[in-house]
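Observations on the model geometry
Given next are the chains, with one letter for each unit.
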Amino acid sequence: MAMTEPRLTLHPATAPRRLPPNGKHFFIWTIGCQMNEADSAKVAAMLLEVGYRPTEQEDDADIIVLNSCVVRQAAEDKVSGKLNYLARLKREKPEMPLVLTGCMVTNQQEKLRERFPHVDLFFDPSDFDRLQEVVPELADLEDDLIQLPHYYLPEAAGDASIAAYVPIIYGCNFLCSYCIVPYRRGKETSRPMNDIVREVAELIDKGVRDVTLLGQTVNAYGHDLPEDAGLAELLSAVDGLGGLDRLRFLTSHPKYMSDQIIDAMADLPSVCEHMNLPVQAGDNEVLRRMRRTYTTDLWLDRLAYTRKRMPTATVATDIIVGFPGETDAQFQNTLDLLKEAQCDKVHVAMYSPRPGTLSARWEDDIPHEEKQRRHQAVEKQQEAICTARNANHLGSTLEVLVDSKAKGRWGGRSRGNQLVHFEDDRDLLGQLVDVKITKSSPWYLMGEAIGAPR
Ligand code: SAM
Ligand code: SF4
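A few points on the structure. These numbers were taken from a predicted model, which means no experiment stands behind them.

A count of helices and strands for the chain gives twelve helices and 19 strands. A globule of 454 residues ought to have a C-alpha radius of gyration of about 22 Å, and the chain, at 22 Å, matches this closely. When its C-alpha atoms are laid out on the principal axes, the chain stretches across 60 × 55 × 50 Å. Within the span of the chain, comprising 454 residues, buried residues form 57% of the whole. Intrachain contacts of the chain at a sequence separation of at least 6 include 72% that bridge at least 24 residues. Of the roughly 19,400 Å² of accessible surface on the chain, a fraction of 49% belongs to carbon and sulfur atoms.

Structure, rendered in structure tokens:
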């Protein structure tokens, strides 16, 4: 799942509010994946219910909640930095609860209490009931908490909430040797299909046009449910609601990327022709030591079937460079695989040993400078691939869902998740606009709106 920059999370109204504003404000800071964004949204929804309102200034807050990530050391360092920075504010306002949640917390509460004594409450990801310990008003809500939506409405430039994230499966049953997620997020737990469909129907009612279903292994959805239904059935049920323009899902695991799911993508009108399928390495020996449970051939085969069914499909993947023992030749295999695969987006990360994982017991033997060199080599090659792939769109028309305006230009995403900019005097926020592509770069496309917005 792609990492996002630390950002303030503000959320528009979710469920009907129970209590009027109480004059208090909350500040939520979120780092990490979209799952964390979704958890922060739930915290925001709970605090809104009992009368709190969001603030963008931590100095004005009556409660601060930090939602942490430990997938890589760099993320963990940012959380520690933020916690240390907030010690001053906490000294000035000792009555203000400071709360830490997210993957940094699971099984670490004692150690964290010693390191950060100024934090009032640590709670595990999604263990929302614990918030009552610092916000007693939530106790009255307890039975209703379960009713609060799980979805996340990212901020839009105006009033409209155009896109939303909906978690559908929590946790992960894989044990990739480098990854801390299973230790912090537990076993896979799918949400009941009816709950998800009901939530998406609610979002459609609110005017949301683009929904992304979330999970660490989103395409494993349903195997733990009593009913015999998986992601393909869920996509079909959500598409069947009607009224949704775009449906996406991330992140998929190659092993579970069945023909049935790809067929559902191809056949259901709302499901976007965009696949997020991390491969992590292009060498089978490295994949074996990563415990990824597939070979490069399987990943290529899944891409080939996707493109056979949807010739215009775009593909994103994740790569880790500098995994312990990765030789020059093995790294070259990653570059060769990426050249063959011609992805539209590659998220590349330098290997970061995570205490408690299997690979952390192995020597982190690739020097930092070499990891950086490999990182740059992937990015450089990918820049050339994206330059050529994006140039293929020149003269074509892409449907863009407009979600921002900056420097006088509208911005939005195509169905394939490409960033598209264009200039237009009309108010187009939240509209679907056909854009004829006139300029391309490795990172975005530019064009002119044609026809009426929808
Ligand atoms: N479940 C998804 C999958 O199987 O590909 C990915 C989830 S993981 C939280 C998000 C990304 O972080 C991974 O795709 C991987 O590239 C990266 N990542 C995870 N652990 C890492 C580590 N120890 N060092 C560097 N990158 C890591
Ligand atoms: Fe981590 Fe692997 Fe699970 Fe993805 S599939 S969350 S990389 S253990």
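Of all the positions in helix H8 (residues 259–267), only Ile261, Ile262, Ala264 and Met265 are classed as buried. Buried positions in H8, seen along its axis, are confined to an arc of 155 degrees and lie on one side of it. For H8, the elements touching its buried residues are helix H7 (231–240), strand E11 (246–250), strand E12 (274–276) and helix H10 (296–309).

Lining the immediate surroundings of ligand 1 are 17 residues, of which Gln216, Gln280, Arg292, Asp318 and Ser352 lie closest. Contact distances for ligand 1 include 2.7 Å between a nitrogen atom and a backbone N or O atom of Gln216. Contact distances for ligand 1 include 2.9 Å between an oxygen atom and a side-chain N or O atom of Arg292. Here ligand 1, which alone exposes 560 Å², has 95% of that area covered by the protein. At the level of elements, strand E13 (314–321) and strand E14 (345–350) are the ones that each hand at least two residues to the shell around ligand 1.

Here we take up the site of ligand 2. Around ligand 2 lies a shell formed by Cys172, Phe174, Cys176, Tyr178, Cys179, Val181, Pro182, Gln216, Thr217, His253 and Arg292. Of the residues assigned to the shell around ligand 2, the class counts are seven nonpolar, three polar and one charged.

For Asn194, the position within the fold is in helix H6 (residues 193–205). Taking the C-alpha atoms as reference points, Asn194 and Arg389, 195 residues apart in sequence, are found 39 Å from one another.

Attention now moves to the sheet that holds E11. Taking strand neighbours across the sheet as the criterion, the three strands line up as E7-E10-E11 in an open arrangement whose pairing is parallel. At either end of the open sheet lies a strand with only one pairing partner, and these are strand E7 (163–167) and E11. Sheet twist, expressed as the mean angle between neighbouring strand axes with direction ignored, is 20 degrees. Looking at chain direction, strand E10 (residues 210–214) and E11 are connected through five bridges and run parallel. Looking at the pairing, Asp210 lines up with Arg246 of E11. The strands touched by H6 are E7 and E10; relative to E7, the strand with the most contacts, the crossing angle is about 170 degrees.

Before going further, it helps to spend a moment on unusual backbone geometry. Going from Leu250 to Thr251, the amide bond is cis rather than trans, its omega being 0 degrees. Here Thr251 lies in the loop between E11 and H8. The backbone phi angle of Asn107 is positive, close to 60 degrees, even though this residue is not glycine. Overall, the relative accessible area of 64% leaves Asn107 in the exposed class. The backbone of Thr293 shows a phi angle near 70 degrees, a positive value even though the residue is not glycine. Residue position: Thr293 is located in the loop between helix H9 (284–289) and H10.

This part takes up the side chain of His421. Note that His421 resides in strand E17 (residues 419–422). When near neighbours in sequence (up to four residues on either side) are disregarded, His421 contacts Arg409, Trp410, Gly411, Tyr444, Leu445, Met446 and Gly447.

Ordered by their spatial adjacency, five strands build a closed barrel running E15-E16-E17-E19-E18, and the pairing between neighbours is mixed. Averaged over all pairs of adjacent strands, the angle between their axes in this sheet comes to 55 degrees, without regard to strand direction. Pairing of E17 with strand E19 (residues 445–450) involves three bridges; the strand directions are parallel. Bridge pairing in E19 links His421 to Met446.

Here is what the cut-offs are and how they apply
Residues numbered from 1 in each chain as written. Chains lettered and ligands numbered in written order. Predicted model: local features only at pLDDT ≥ 70, side-chain atom pairs only at ≥ 80, totals over all residues. Heavy atoms only, no water. Helix = DSSP H or I, 4+ residues; strand = E, 2+ residues; numbered from the N terminus. Rg over C-alpha atoms; globule rule 2.2 N^0.38 Å. Buried < 20%, exposed > 50% of the residue type's maximum accessible area, 1.4 Å probe, protein only. Contact = heavy atoms within 4.5 Å. Areas by Shrake-Rupley, 256 points an atom, 1.4 Å probe, with all protein chains shown as cover. Arc of directions from axis to C-beta. Near = heavy atom within 4 Å. Polar contact = N/O pair within 3.5 Å; in protein donor to acceptor, adjacent residues only side chain to side chain. Nonpolar A, V, L, I, M, F, W, Y, C, P; charged D, E, K, R; others polar. Pairing = 2+ DSSP bridges. Axes fitted to C-alpha atoms, helices over the stretch in contact; angles between N-to-C directions.

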